[in-house]
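So the chains spell out like this:
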Amino acid sequence: MQATIPAGLDRKEAEVYLRLDPNRLPKHIAIIMDGNGRWAKRRHLPRVAGHRAGVASVRSTVETAARVKIPSLTLYAFSEENWKKRPKSEVDFLMGLLCRYLKQEVPTLNKNNIRLEYIGRLHELPPVVQKKMEEARQATSTNTGMVLTLALNYSARSEIVDAFRSIVDAAARNGGLDHMEIDEESVSRHLYTRHLPDPDLVIRTSGEMRLSNFLLWQLAYAEIYVTPTLWPEFRGVHLLEGIAEYQKRERRYGGLADHDHHHASKARS
Ligand code: IPE
Ligand code: IPE
Ligand code: MG
């Protein structure tokens, strides 16, 4: 049977989509959007021109993910370290860009039935930005399709510290730590990502082979796909190529390869 191509894919996307198994799509994809500065530098432009160009990449990636029915997409937009270590002018530019994105994109998010969420130490962001974020979240809150989560002022270690605090708080309110069941499930419920399954696939653009403090707990068994493409050049078709690569991988979760597993269970019986 010929697979049906989702509406809205362009010719190149459709070509890659036909190579995919629609029954084995990742349920949650996380993306480290990197390389904006290098993209700008190559064009002899200021770094912020790279951030501005990256908005089109976000739009294309988000729409394609929604069209092929990825249930959750999480984008690392900026880290707590970016916030603390980059020049104020660059941080201010990113804040402005985020506000404009949130205002502009709500109609597109609604058209694609996408619900917007955030992770990170959001209360440390400028109040005007928080207000825009909340408005966009509210405006998309009844959508039932893909969940788009933006990581803003995010640090995985801070998230784990905040989870510890939240567990201790909950214990204090419920008769002390002795009465508290602490296991992987309960830790997960205290993370910012409590609304999400763990990512199956993490994509990093611009060729860097590191996680840069992104979702350290949640990525325990994620497949890692690094592409040399710089973020401002990344489009929906590249997302689909990442999914194609993901589908070639064999996930073991500490077990054995499928054919070895067959032999092992025979040997045991
Ligand atoms: C990623 O691009 C965007 C953010 C971290 C906000 P960079 O700004 O890190 O670009 P490079 O790594 O310097 O090329
Ligand atoms: C990671 O990129 C953070 C985001 C993409 C938002 P960075 O460019 O900040 O990471 P490093 O500095 O290369 O580790
Ligand atoms: Mg970078």
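Each remark here, short or long, concerns the structure printed above.
Residues numbered from 1 in each chain as written. Chains lettered and ligands numbered in written order. Predicted model: local features only at pLDDT ≥ 70, side-chain atom pairs only at ≥ 80, totals over all residues. Heavy atoms only, no water.

Caption draft 1: Just the side chain of Ser60, in detail. Its place among the elements puts Ser60 in helix 3 (residues 47-67). For Ser60, the side chain forms a polar contact with the main-chain nitrogen of Gly236, separated by 2.8 Å. If sequence neighbours within four positions are ignored, Ser60 has contacts with Arg235 and Gly236. (Helix = DSSP H or I, 4+ residues; strand = E, 2+ residues; numbered from the N terminus. Polar contact = N/O pair within 3.5 Å; in protein donor to acceptor, adjacent residues only side chain to side chain. Contact = heavy atoms within 4.5 Å.)

Caption draft 2: Representation of the environment of Ser60 in the model. Judged by its relative accessible area of 17%, Ser60 is buried. In the structure, Ser60 is positioned 90 residues away from Leu150 in sequence and 15 Å away in space, judged by C-alpha atoms. (Buried < 20%, exposed > 50% of the residue type's maximum accessible area, 1.4 Å probe, protein only.)

Caption draft 3: Broad picture of the sheet that holds strand 1 (residues 28-32). The parallel open sheet is built from six strands, whose spatial order is 3-4-2-1-5-6. In this open sheet, the two strands that pair with only one neighbour each are strand 3 (115-119) and strand 6 (223-226). Pairs of neighbouring strands in the sheet enclose a mean axial angle of 20°, with direction left out of account. Sheet topology note: the strand 5 (residues 201-204)/strand 6 ladder contains four bridges and is parallel. Bridging across to strand 6, Val202 finds its partner in Ile224. The strands that helix 5 (residues 88-111) touches are strand 2 (72-79), strand 3 and strand 4 (147-154); relative to strand 4, the one it contacts most, it runs at about 170°. (Pairing = 2+ DSSP bridges. Axes fitted to C-alpha atoms, helices over the stretch in contact; angles between N-to-C directions.)

Caption draft 4: Highlighting the site of ligand 1. Neighbouring residues of ligand 1: Met33, Asp34, Gly35, Asn36, Gly37, Arg38, Arg47, His51, Ala77, Asn82, Arg86 and Leu94. Residue Asn36 places a main-chain N or O atom 3.2 Å away from an oxygen atom belonging to ligand 1. Here an oxygen atom of ligand 1 and a side-chain polar atom of Arg86 are 2.7 Å apart. At three residues, helix 2 (residues 36-42) tops the list of elements feeding residues into the shell around ligand 1. Residues that form the shell around ligand 1 fall into these classes: three nonpolar, five polar and four charged. (Near = heavy atom within 4 Å. Nonpolar A, V, L, I, M, F, W, Y, C, P; charged D, E, K, R; others polar.)

Caption draft 5: Molecular detail of the pattern of salt bridges. This model, assessed by the stated rule, comprises 26 salt bridges. Between Arg137 and Glu134 there is a salt bridge; the shortest N-O distance is 3.1 Å. With a gap of three residues between them, Arg137 and Glu134 both fall in helix 6 (residues 127-139), about one helical turn apart. A salt bridge links Glu208 to Arg210, with the nearest nitrogen and oxygen atoms 3.5 Å apart. Owing to a relative accessible area of 49%, Arg210 belongs among the partly exposed residues under this scheme. (Salt bridge = Lys/Arg side-chain N within 4 Å of Asp/Glu carboxyl O.)

Caption draft 6: Here's a closer look at the pairing of strand 4. Counting buried residues along strand 4, eight of its eight residues qualify, which places the element largely inside the surrounding structure. For strand 3 and strand 4, the ladder comprises five bridges, and the chain directions are parallel. Across the sheet, the residue bridging to Ile119 is Ala151, located in strand 4. A crossover connection joins strand 3 to the parallel strand 4 through helix 6; in handedness this β-α-β unit is left-handed. (Right-handed = clockwise from strand over helix to strand, strands pointing away.)

Caption draft 7: The arrangement of the site of ligand 2 in detail. The local shell around ligand 2 consists of Ile32, Met33, Asp34, Tyr76, Ala77, Phe78, Ser79, Asn82, Arg86, Arg204, Arg210 and Ser212. Asp34 is positioned such that a nitrogen or oxygen atom in its side chain is 3.2 Å from an oxygen atom of ligand 2. In this structure, Arg210 approaches ligand 2 through a side-chain N or O atom, which is 2.8 Å from an oxygen atom. Isolated, ligand 2 exposes 390 Å² of accessible area, and the fraction of that covered by the protein chains is 78%. When residues in the shell around ligand 2 are grouped by element, the largest group, four residues, is from strand 2. Each residue belonging to the shell around ligand 2 can be placed in one class, and the counts come to five nonpolar, three polar and four charged. (Areas by Shrake-Rupley, 256 points an atom, 1.4 Å probe, with all protein chains shown as cover.)

Caption draft 8: Molecular detail of helix 7 (residues 156-173). Between its first and last C-alpha atoms helix 7 spans 26 Å; for 18 residues at 1.5 Å apiece the expected length is 26 Å, and the two agree. Within the span of helix 7, buried status applies to Ala156, Ser158, Glu159, Asp162, Ala163, Ile167, Ala170 and Ala171. Where the residues of helix 7 are buried, they touch helix 4 (80-85), strand 4 and helix 8 (184-189). A positive backbone phi angle near 85° is found at Gly175, which sits one or two residues after helix 7. (Expected span 1.5 Å × (residues − 1).)

Caption draft 9: Molecular detail of unusual backbone geometry. Not every positive phi belongs to a glycine, and Asn113 is a case in point at roughly 60°. Of note, Asn113 is situated in the loop between helix 5 and strand 3. A residue is classified by how much of its surface remains accessible, and Asn113, at 28% relative accessible area, is partly exposed. Unusually for a residue other than glycine, Asn153 sits at a positive phi of about 50°. Along the chain, the position of Asn153 falls in strand 4.

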